[in-house]
Amino acid sequence: MASSEITLEAVPEISGVPAAEWDACANPKGDPDSLENLDTLASPDLAGNCRTISKPGYNPFVSHAFFAAVEASNSACPRTGWGPRHLIAKLDDKIVGVVPCYLKSHSQGEYVFDRGWAEAYHRAGGSYYPKLQVSVPFTPATGPRLLIRDGVDRELIGSALARGLRALCNATEASSVHVTFAREEEARLLGEHGFLQRTDQQFHWHNDGYKTFDDFLGSLNSRHRKAIKRERREAVAAGITIHHLTGPDITEDAWDAFFEFYMETGSRKWGRPYLTRKFFSLIGESMSRDVLLVMAKRNGRWIAGAINFIGSDTLFGRNWGAIEHHPFLHFEVCYYQAIDFAIQRGLQVVEAGAQGEHKLARGYLPQTTYSAHFIADPSLRRAIADYLKRERAYVEEVGRELTEAGPFRKTADDDA
C-alpha cells in the first residue's frame, strides 16, 4: 500500500460519482467475519501508542441517495449558494475515500454559526466568502465526514483527505474549510492537520435497555414523569390520532401534506425553507425505508407531522410542521413518538436536531457535537483559535450543569 499513490480530485456534482462507489465509502458493509467490522479498531500511531478509530454504522444522511436528492431537487446547488465540490481519493484508480463538500457563498443552512467570524473578517478588509463546507446540507446530525472504504488504511486515507481539503481551499481561493457535525475522532484527526477544534451541544435521548415507553417513564423523577403523561394526554385531546408512515406507506399525498407543514412552519422560522417539494419525492423513491413520517390527523385530514431518518442504531429527527396548533402536539409528534419508535425498533439513540433546552425535561440529555475549521488567513486563525478555547470551556461547563439538572431519578427519594 505504501508504494501506491493516492490521487485526489474534486467532483462538481454527486452524479459524477457512481452510487455503489460512494456508498462503499459512506456506509461500508465489509466482510462480516473480518476484524474490520468491529465498532472500534485499535491502531498504533507513529509513536507506537494505540489509537482507537471508530467505524460508523449505517447513516442515511451520507448515502449517495440523500446527496443525489438534495442536489437533483435544486435544494443544494450553485444557484442556492451550495456549489458541490466533493473530494474524491483514489488508490490504483479505485475510489477509497470521499468527502461531501460544497463551495458556499453564505452561511445559511449549516447550524454551526460562523457569521460573527465572517463579519469580523469583512471589517478587517478580508473576503470570507466563498468558503468550503463539509457537511450534509441543512442537516445538523452527527455522522462521518471523511468517508473511507473498508479494507484500506483508514488513517492514511483520512490524512490524505485532510490534506486534500486544505489544497482544495487554496485552489478555490476560499477563506476557510468547515467540517461540521463530524465524529469526534475525525475532528481530532483534522486537528493534527491544522484545523481548529470547535464544540457545541445538542440534546439526544439514549435507550437504557427500555422495553416500553413506560419503562422509560419509570427512570424519571415523579415530577417529570407526571408532566410527560399529562402532555401526551393533552396533545391528542382534540380527537387527534398519530400515525407512523414508512416505506410504501409514504404516498405522494402524504408528501404533499408534509410539505405544506414544512413550508408553513419553515417560512415563519427561517424566512425561506431550504428544501424543495421535489426533494421529498426523490427520497420517497430512493430511500423511503430509511424515512419515518410521524403524522397527526384530525377530522379526517393531516394537520401536522415530523420527518425522521432511520440509521442502524439512531433515529434522526429533522423537520416538523403544522397547519393547526394544539397544546403539546409538537412534543408528542417530535419527541415522544420518536422515543416510542426507537424503543420498538431497538435503536439506541434519538437525535432531536439542533438547539432546544426544552428537550431536557423530556428525557433528552446534552451531547457534545464536534466540528473542525481550517482558516487560511493566519491573523483570523489566531483570533478564532482564542475565541474557540473560551467557547469550548463554556460548552463543557453548560453541559455539566444541564446534565445535573436532567429529569432522571438520582435517588429513591426522587420517586416520591
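Definitions and cut-offs
Residues numbered from 1 in each chain as written. Predicted model: local features only at pLDDT ≥ 70, side-chain atom pairs only at ≥ 80, totals over all residues. Heavy atoms only, no water. Helix = DSSP H or I, 4+ residues; strand = E, 2+ residues; numbered from the N terminus. Rg over C-alpha atoms; globule rule 2.2 N^0.38 Å. Areas by Shrake-Rupley, 256 points an atom, 1.4 Å probe, with all protein chains shown as cover. Lys, Arg positive; Asp, Glu negative; His and termini not counted. Charge placed at Lys NZ, Arg CZ, Asp CG, Glu CD. Expected span 1.5 Å × (residues − 1). Bend = angle between axes of the 7 residues up to and from the residue. Buried < 20%, exposed > 50% of the residue type's maximum accessible area, 1.4 Å probe, protein only. Salt bridge = Lys/Arg side-chain N within 4 Å of Asp/Glu carboxyl O. Core = buried A, V, L, I, M, F, W, Y, C linked by side-chain atoms within 4.5 Å. Contact = heavy atoms within 4.5 Å. Polar contact = N/O pair within 3.5 Å; in protein donor to acceptor, adjacent residues only side chain to side chain. Disulfide = S-S within 2.5 Å. Pairing = 2+ DSSP bridges. Axes fitted to C-alpha atoms, helices over the stretch in contact; angles between N-to-C directions. pLDDT = per-residue confidence, 0-100.

**Let's talk about the overall build of the protein chain**
No. 1: Along its length, the protein chain carries eleven helices and 17 strands.
No. 2: Computed over C-alpha atoms, the radius of gyration of the protein chain comes to 22 Å, within 12% of the 22 Å expected from 2.2 N^0.38 for 416 residues, which places it in the range of a compact globule.
No. 3: A principal-axis box enclosing the C-alpha atoms of the protein chain has dimensions of 65 × 55 × 50 Å.
No. 4: When the accessible surface of the protein chain is totalled, it reaches about 18,500 Å², and 50% of it is carbon and sulfur.
No. 5: Side-chain charges in the protein chain split into 48 positive and 54 negative, and the spacing between the mean points of these groups amounts to 5 Å.

**Here we look at helix α10 (residues 329-345)**
No. 1: Here α10 contains 17 residues, and its C-alpha end-to-end distance of 23 Å stays within 8% of the 24 Å for a straight helix at 1.5 Å per residue.
No. 2: In α10, a bend of some 30° at Gln337 exceeds every other bend along the element.
No. 3: With 14 of 17 residues buried, α10 is to be regarded as a mostly interior element.
No. 4: In the stretch just after α10, Gly346 is the one whose phi turns positive, near 75°.

**Re the pattern of salt bridges**
No. 1: Counted under the stated rule, the structure contains 19 salt bridges.
No. 2: Residue Glu9 is joined to Lys90 by a salt bridge in which the shortest nitrogen-to-oxygen separation is 3.3 Å. Taken together, the positions of Glu9 in strand β1 (residues 6-11) and Lys90 in strand β5 (residues 86-91) put the pair 81 residues apart, joining distant regions of the chain.
No. 3: Between Glu252 and Arg277 there is a salt bridge, with its nearest N and O atoms 2.8 Å apart.

**Regarding the nonpolar core**
What tends to happen in soluble globular proteins is that the nonpolar side chains get buried as a cluster.
No. 1: Judged by nonpolar contacts, the single largest core of 47 residues is most densely connected at Trp255, Phe258, Phe280, Ile283, Ile307 and Phe309.
No. 2: Mapped onto this core, the elements with two or more residues apiece are α1 (19-26), α2 (64-72), β6 (94-99), α8 (252-270), α9 (277-286), β13 (291-298) and β14 (301-310).
No. 3: In terms of residues, this core owes the most to one element, α8, which gives seven residues.
No. 4: Apart from residues no more than four positions distant in its own chain, Ile307 is found in contact with Trp255, Phe258, Phe280, Ile283, Val291, Leu292, Leu293, Phe316, Gly317, Arg318 and Asn319.

**Re the side chain of His86**
No. 1: By secondary structure assignment, the location of His86 is in strand β5.
No. 2: Residue His86 is classed as buried on the basis of its relative accessible area of 0%.
No. 3: Separated by 2.7 Å, the side chains of His86 and Glu71 make a polar contact.
No. 4: Polar side-chain contacts of His86 include one of 3.1 Å to the backbone nitrogen of Cys101.

**Digging into the state of the cysteines**
No. 1: Counted according to the given criterion, the structure contains zero disulfides.
No. 2: The cysteine Cys77 is free of any disulfide, with Cys101 supplying the nearest cysteine sulfur at 16 Å.
No. 3: Among the residues examined, Cys77 registers a relative accessible area of 9% and is labelled buried.
No. 4: Looking at Cys169, it has no disulfide partner, and the nearest cysteine sulfur is the one in Cys101, 9.3 Å off.

**Observations regarding the sheet that holds strand β9 (residues 147-148)**
No. 1: The four strands are arranged β1-β5-β6-β9 in an open sheet whose pairing can be described as antiparallel. Both outer strands of the open sheet, β1 and β9, are each paired with one neighbouring strand and no more.
No. 2: Bridge analysis of β6 against β9 gives two bridges, and the strand direction is antiparallel. Residue pairing in the sheet places Val98 in a bridge with Leu147 of β9.
No. 3: Sheet strands touched by α1: β5, β6 and β9. Its angle to β6, the strand with the most contacts, is close to 65°.

**Things to note about the pairing of strand β8 (residues 131-134)**
No. 1: Judged by which residues are buried, β8 turns out to be covered on both faces: Lys131 and Gln133 on one side and Leu132 and Val134 on the other are all buried.
No. 2: In the sheet, β8 pairs with strand β10 (residues 176-182) via three bridges, with the strands oriented parallel. Paired with Val134 across the bridge in β10 is Val179.

**A short note on the confidence of the model for the protein chain**
No. 1: Taken residue by residue, the protein chain gives an average pLDDT of 91. The fraction at 70 or more is 91%.
No. 2: Below pLDDT 50 for its whole length, residues 31-55 participates in 45 contacts with residues either more than four positions away or in separate chains.

**Points about the side chain of Ser371**
No. 1: Tracing the chain through its elements places Ser371 in strand β17 (residues 365-375).
No. 2: Residue Ser371 is classed as buried on the basis of its relative accessible area, which comes to 3%.
No. 3: There is a polar contact of 2.8 Å between the side chain of Ser371 and the side chain of His373.
No. 4: If we skip the residues at most four places from it in the chain, Ser371 touches Val112, Val179, Thr180, Phe181, Ala187, Leu196, Gln197 and Arg198.

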